[in-house]
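# Close look at the chain arrangement
If you want the building blocks of each chain, they are given just below.
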Amino acid sequence: MALSWFILYARYRATHFIAVAVCLLGVGTMVGADILAGREDNSGSNVLIGDILVLLGASLYAVSNVCEEYVVKKLSRQEFLGMVGLFGTVISGIQLLVVEYKDIAGIRWDWKIALLFVAFALSMFCLYSFMPLVIKVTSATSVNLGILTADLYSLFFGLFLFGYKFSGLYILSFTVIMVGFVLYCSTPTRTAEPADSDVPPVTSIGIDNLGLKLEENLPETHSAAL
């Protein structure tokens, strides 16, 4: 939200901050469910470094999503997908060789493992193909709030693959996060123009920024009709 405020000139209402607080409450409930289920027993030996890396990764992910919103709304969605495909392949390939080469080399391949790798690749392909569409009609902040529910989906797969223990708090946390997400999207954000711009601020109508996109297309449709 801070990055969107300064980079994208997004302006929020009190409802948005309340919605984010509700979502964070849901995340806290999910953490509590992990503790009760004993999933924290497998934590690493250096928790502090792990927490720092998690915060750093989350911050960089926020930068990535805000930049993605800027590109898909101001420039081109096709250009974004092309650059992600090009540089993502190079950077991920280097990371794979440096960090995970021994782990990959030690895999005993069979059809089940190969199928899981294919499923993972298809899932990531769909994620990065559809996310620009979703961000274009909503915002990076709303997408990140929606991603908070991903832990629950991973839990469902973990129940079958890794024998995770289930707690009713997971359903509660999912419900709380979804309430906060819907509350956030129910109130439109306002886009403030830079100080040196003569264009007056525009307020979007509808789910997040979707109404703004519709308003921008109306003059073009009217001109085409004339």
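The structure this text deals with has already been given above.
In this numbering scheme, every chain counts its residues from 1 along its sequence in written order. It should be noted that, the model being predicted, local features are given only for residues of pLDDT at least 70 and side-chain atom pairs only at 80 or more, the latter also being counted only at that level, while totals for whole chains, interfaces and linings use all residues. Hydrogens are left out, water is left out, and the side-chain values use all remaining heavy atoms of the structure.

Considering the arrangement of structural elements, one finds H16 in helix α2 (residues 14-37). With 169 residues separating them in the primary sequence, H16 and C185 have C-alpha atoms 8.3 Å apart. Throughout, a contact is declared for two residues whenever any of their heavy atoms are within 4.5 Å. Aside from chain neighbours lying at most four places away, what touches H16 is M1, Y184, T187, P188 and T189. In this description a helix means any DSSP run of H or I spanning at least four residues, a strand means any run of E spanning at least two, and both kinds are numbered starting from the N terminus.

Attention now goes to a nonpolar patch on the surface. For patches, a residue must show more than 30% relative accessible area and have no salt bridge; joins then use 9 Å for like charges and 5 Å for nonpolar side chains, namely Val, Leu, Ile, Met, Phe, Trp and Tyr. Each accessible area is a Shrake-Rupley result for a 1.4 Å probe, and residues are judged covered by the shown protein chains and nothing else. What makes a salt bridge here is a side-chain nitrogen of Lys or Arg within 4 Å of a carboxyl oxygen of Asp or Glu, nothing more. Nonpolar side chains collect at one region of the surface, where M83, L86, F87, V90, I91, I94, L97, V98, V99 and Y101 lie side by side and expose about 1100 Å² of accessible area between them. The leading source of residues in the nonpolar patch is helix α4 (residues 77-99), at 9 residues. Residue placement: I91 occurs in helix α4.

Mapped onto the elements, S142 comes out in helix α7 (residues 140-147). For the exposure calls, accessible area comes from a 1.4 Å probe over protein chains only, and a residue counts as buried if that area is under 20% of its type's maximum, exposed if over 50%, partly exposed in between. We classify S142 as buried; its relative accessible area is 2%. Note: C-alpha distance between S142 and Y184 (42 residues apart in sequence) is 7.2 Å.

In short, shape yes, function no, at least from these values alone.
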